[in-house]
Every structure is written in structure tokens, then in C-alpha cells.
Amino acid sequence: MITNTIRIYNTLTKSKDVFQTIQTGKVGMYLCGPTVYAEAHIGHMVGPVIFDTIKRFLVYCGYEVTWVVNITDVDDKLINKSREKGISMFQLATSMTADYLSNLQSLGVDQIDHLPRATDHMDEIIRFVQELIEKNFAYVNGGDVFFDVLKDSEYGRLSNRSVDSQQGEGGDAASRKRSPGDFALWKSARADEPSWASPWGLGRPGWHIECSAMSRRILGKTFDIHGGGLDLVFPHHENELAQSRCCHGQPMVTYWLHNGLMQAAEAKGKVGGKNDRDEASHAKPTGVSPEPANSVSPEPGNSAAPANSAETKISRSKGAGGLAKLIEKHTGERIRFFLLRSHYRSTTLFGDEQLAEAGASLEAFYRLIQRFERISGQSFYDATSLKYNRHRSEFVAPVTSNEAILEVIRLREAFLAKMDDDFNTGGATGDLFEMARSLNRFIDSQRLEEAVGRTPSNLDLFAQGMGILKELGAILGIFMKPPKQSSNKEGSTEILDGLMKLLIQVRTEARAKRDFAMSDSVRNGLTAIGITLQDGKEGTTWSIERSS
RNA sequence: GGCUCCGUAGCCAAGUGGCUAAGGCAGCGGAUUGCAAAUCCGCCAUCGUGGGUUCAACUCCCACCGGAGCCUCCA
């Protein structure tokens, strides 16, 4: 059963529209993926994470969703970069695609159904160009094919631009265009460039046509949702839209979604943007004095670092696998949660401090989950252990008059209402924090930490409450598996557990004898190496502090 | 220059024409604890500036100041 109370902000209409699918119960969505010429940076993850969340939410609401993310593996940048590196374009694309996919996996983006590569769809691309020529929306000049912008009366509507304000690319291509705003559908290849045979000679596709061709093949001529970064609105999406609409005589997409761009804290410009890439770009006469050169970069995370340092550095180093390192330091779940804390349409301030803060707040959930596992003796993460509801329409509220649990039920509604409102994950996470507080309050008020409070009905109610937390976590794609511990715990778990047991026993005996000097010495020593002890009603527990 | 968007507490960040303006981080007070940690309770904002519309605006309109994006490859 479908539950639809969703409204989506649509770039095309510039308003929040009621969500209505083309086919009942089915959703087709397409997200513009990367051009795989360099390692991914955090900015590349915004779209995938929000779309992954959108798909989870739509599935939760009862839809059958097909999600496509394309991989652009042929492009001028790829050609140039592969030459630079002395490898083939194919090799470069393969390794950078692998990097991209592993980053997605780390962030829990696992809902993608199709990852089409442009080079695997040359036939469809060529056919698409052919159709546009036949329908007189495109023209051939030399070995190039251009889209004729003036033939499309609706051109410019998505990005709110008039045709005469279009500025086309200059260079030798300009002379072969009818009007400057025309863009290439097919580019003739020079002898030393990768190329494919076509009716117009050897060449490669233009930048925009692959998305039109691949989305048509997989999702059809008209589909529900198309997304990408705000920077793609023009020219990429405007052109894609023009190609598809002109070719098919019907709308390409119902809802155009655009995510805001990441901005490096204490740095100018978006992450991965011009300022990041162009080391020596003081060309702009902005009147601002050139930044001081930052030669030595302090340890990231050192908040005492001078401005123009750590945070800026992270985005700058994207060419050297910046994101993979970031994930290693902060864990994928932390980065995902960080991205979800703000609204996808807003510009997000990104920096080491912001990430650390997201991590600190996440700890409260992890502690609650540990508390649950300790009390109930069952796993929170194991799919067969804690029951939770996968579909919105199947929800059955726990029967109780307990205030804390009633609050959890109320917060679930609030959470879902926020998700309904243009996928407001930033607002929804707020409800999650309140939910955690309510669940802790339930534990405290019912004395679940002690044997006396663990009545079957209390334990059952508690499990139902935690099930709601898990239900909502699953929509956001978090709390699906245990958080990553420090890497050095791997492989030595048993020895570590044994040692900790021993130390705790020694300390407990000292405390029993009221030898607090001794017990504090043990605890302080452990704290110093990153292990935290917690004295509870039923003994002492320990945990390793995760990287900050 | 053209076209968009943003400016909410020390920091991050939701949100609304009228009820106490979410939540997080940090901080402070209390309960709890041998002391801590964790947890719970409480405190911590008149929403960039100046006008206007309105019975009523942080929320709508205008101007200004400040910031970002696109117009060229970009998630």
C-alpha cells in the first residue's frame, strides 16, 4: 500500500509540488554521476547520499523505485588526464570508477539499481543524435553534430535564461555553429583520440547526450525524478532536457531536484571548485589581496591551526584521494550523517570541525544502542533480532500509557512529516535526537538498568520503542550495522576483552576496599589511551573512544 | 553585467504570517555517582540593517550591507 503525502521542490516549477508518479506505485529516478577522471571528493557524495535516502523513503512509503546513476567515462577531461598519466582513457576510467564506488559503499549508498557507463551505450547515443537530426533539431557540420537551440522555443526554462543570453564555448567549434548557444551532440575525433564509428565519421559524444540516451533506455522517455548538483542546472540539465523533450515531444522529467553545493569552511568557493583546482588562479581582479601561501599544513583537526589551513587543505587534496582518507578518519556513517543533518538544497559548510561535531552527536545514539543491547541481551543490528517496521502503512503503535513511549510515537510522526516535506532530513534528525532522549528517559524511569525494572512488559515496550528508532534510522540509512571501532581493535578482540575484564576486576576490588587512589589510577590510565570506563548499576563497562 | 540563492544563539542547523523560534556541539546549574563518565531535569536567540504592507512579520514587499552559486568543465 502506498502512503503518499510527499511534496517535492521542483527546479522547473520553482515550487514545492505534490508528488505524483507517472505510473501508479512506480518511480524512476536518475542522478547525474561523476566524470571519472579523478578521485571523488565529498561534494560528489551529496547527491548520492540524498538520493539513496530518497529511495529508501519512497520504498518505505510503498513505491517500487528504479534508481540510475550514470558514469561518464568518455570526455575531454578524461582524455587529457589519461595522457598526463600515460595510461589509456579506459584504464583511468576503470580505476576512478572503482574509487567512486568504494566511496559510495563506505557511505552506505547501496540502493542504486543501474550504473550505466557512456561507453557501453554508444549505439543508443548515436541513435538519439540521429533522431534529433531527422527531426530537424540538430545539424551536421563537418564531423560534428550540434543541437540547434533556436529550434526549441522552451529552451532556457529550467535555468531561467533567455536564448540570447547564452554564451557558447569559443574556439574552433564556434565557427561551425549556427548560433553561439548551440551545443555539441557529437564531436569529431582527432587521430590520436579515442573514437567510435558513427554516421558522421569517427568521434565521441558531446557532454549532455549520454544522459538523455541512457535515461531513455533504462527509465523511458518520461520519468519521475532527475537530480544533480545545483551547478548542473545550466548548461547540462537544460541541454539534456532540450534534447529529450524535442526528440520525444513529451516532457523528460516530472521533478527536477538539485542539491546545494559543499563549501569548505574557512575557504572561498565550493569544494572541488575553481579555487580548489586552480592553484595559481589569482587572475580574477576581485580586488582581494592574494591569499598567503600555505606551505606547511598543520595536522587536520587542530583547531588552533591558522585560517586558510586544515579545512581548505582537505578539499585541495582531493586529487590525492581526499575522500577515502576522510572516510578512514571519520567513518562513512559519520560523513553520511553530517550530510543528512542539513537540508539537501542548502549550501553546506564543510570542515573537520563540522564532521567531528556530527560524530560527537552520533555517539549518543551508539550509547543508547549499547544500553539497549546490554539490557535486552539482544542485538540491535541483527536483522532477525530486533523487529522493526519496513513499510509506512504497516505501522502498529505500541499500546501503552507510558509518557516516554507515547513521545516516541509522536516523534515518529513528526519525523515522517519532515521527510514528506521535500525530504527535510535536517529537520528529521532533530526528532531522532529527541527520540533518543525519550528512550533514555524510559530506561531511567522504569529502572531498566536494574533487574527489578526488567519486567516482560517493560522489555517489550522498550524493544518496540527501539524498533521505531531503527525504522527511522533505516530510512536515513544509518544505524544499520555496528559503528566502526578503532581499526586496531580488529583481530585482537579476545585478548583485549580478556585484559579489560581483568583490569575492571582489579579496579572493582580496589573500589570495594575504598582504595580510590588505586581505582582512579586504573581509570585515568585507560582514559589516557582512549578507553572510557563507565560504572553502572550492574558493574562497569568500557568502550573505545572513536577517532575524533 | 545577467540570472539564482542565502544571512536564525559562541559554533553547526531546522522552521513558521499570530501560541514556549526544533535539534546538535560547546558552556552553566541540578539529580545521580566515592569521584568521574554516561543518563535525566533545567538555563542559554527578540531570527543581517533600515523602511513598507498587515489587527499581527523572523516569516510577505522594497532598499542597503554581507556571503555563495550559475552564466566556461564541475556533484
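Calculation notes
- Residues numbered from 1 in each chain as written.
- Chains lettered and ligands numbered in written order.
- Predicted model: local features only at pLDDT ≥ 70, side-chain atom pairs only at ≥ 80, totals over all residues.
- Buried ≥ 20, exposed ≤ 12 C-beta atoms within 10 Å, placed from the backbone.
- Helix = DSSP H or I, 4+ residues; strand = E, 2+ residues; numbered from the N terminus.
- Contact = placed C-beta atoms within 7 Å.
- Pairing = 2+ DSSP bridges.
- Axes fitted to C-alpha atoms, helices over the stretch in contact; angles between N-to-C directions.
- Parallel < 35°, antiparallel > 145°, perpendicular 65-115°, else oblique.
- Left-handed = near helix turned anticlockwise from the far one by under 90°.
- Nonpolar A, V, L, I, M, F, W, Y, C, P; charged D, E, K, R; others polar.

Among the 9 residues that make up helix α11 (residues 332-340), 9 are buried, leaving the element largely enclosed by the rest of the structure. Listed in full, the buried residues belonging to α11 are G332, E333, R334, I335, R336, F337, F338, L339 and L340. Along its buried surface, α11 packs onto α1 (43-60), α3 (89-106), α10 (322-330), α12 (352-376), α14 (425-445) and α15 (456-476).

Now for the sheet that holds strand β6 (residues 144-147). Sheets are built from strands paired through backbone hydrogen bonds, the pairs being either parallel or antiparallel. An order of β5-β6-β7-β8 is seen for the 4 strands of this open sheet, with the pairing classed as antiparallel. The open sheet has two free edges, formed respectively by β5 (138-141) and β8 (203-205), since each of these has just one partner strand. Adjacent strand axes in the sheet meet at a mean angle of 20°, parallel and antiparallel pairs treated alike. The sheet contact formed by β5 and β6 spans 4 bridges and is antiparallel. Bridging from a neighbouring strand, A138 pairs with F147 of β6. Strand contacts of helix α4 (residues 122-134): β5, β6, β7 (183-188) and β8, with the helix running at about 105° to β5, the strand carrying the most contacts.

Bringing the environment of T541 into the picture now. Residue placement: T541 occurs in strand β14 (residues 539-544). When the C-alpha positions of T541 and L526 are compared, they lie 12 Å apart, and in sequence the two are 15 residues distant. With residues up to four places along the chain from it excluded, the contact list for T541 reads Q534 and G536.

Among the 6 residues that make up β7, 6 are buried, leaving the element largely enclosed by the rest of the structure. In terms of strand pairing, β6 meets β7 through 3 bridges, oriented antiparallel. Residue pairing across strands places F147 opposite F183, the latter belonging to β7. The pairing of β7 with β8 spans 3 bridges and is antiparallel. If you follow S188 over to β8, its bridge partner there is G203.

Okay, the packing of α14 against α15 next. What describes two packed helices is the angle between their axes and the distance between those same axes. Where α14 meets α15, the axes come as close as 11 Å, and the angle between the chain directions of the two elements is 160°. When the axes of α14 and α15 are compared, the pair comes out roughly antiparallel. For the crossing formed where α14 meets α15, the hand is left-handed. Seen from α14, the contacting residues are T425, L432, M435, L439 and F442; seen from α15, they are F462, G465, M466, L469, L472 and L476. Grouping the constituent residues of the contact of α14 with α15 by class yields 9 nonpolar, 2 polar and no charged.

Remember that the coordinates give geometry; whether it matters functionally is a separate question.
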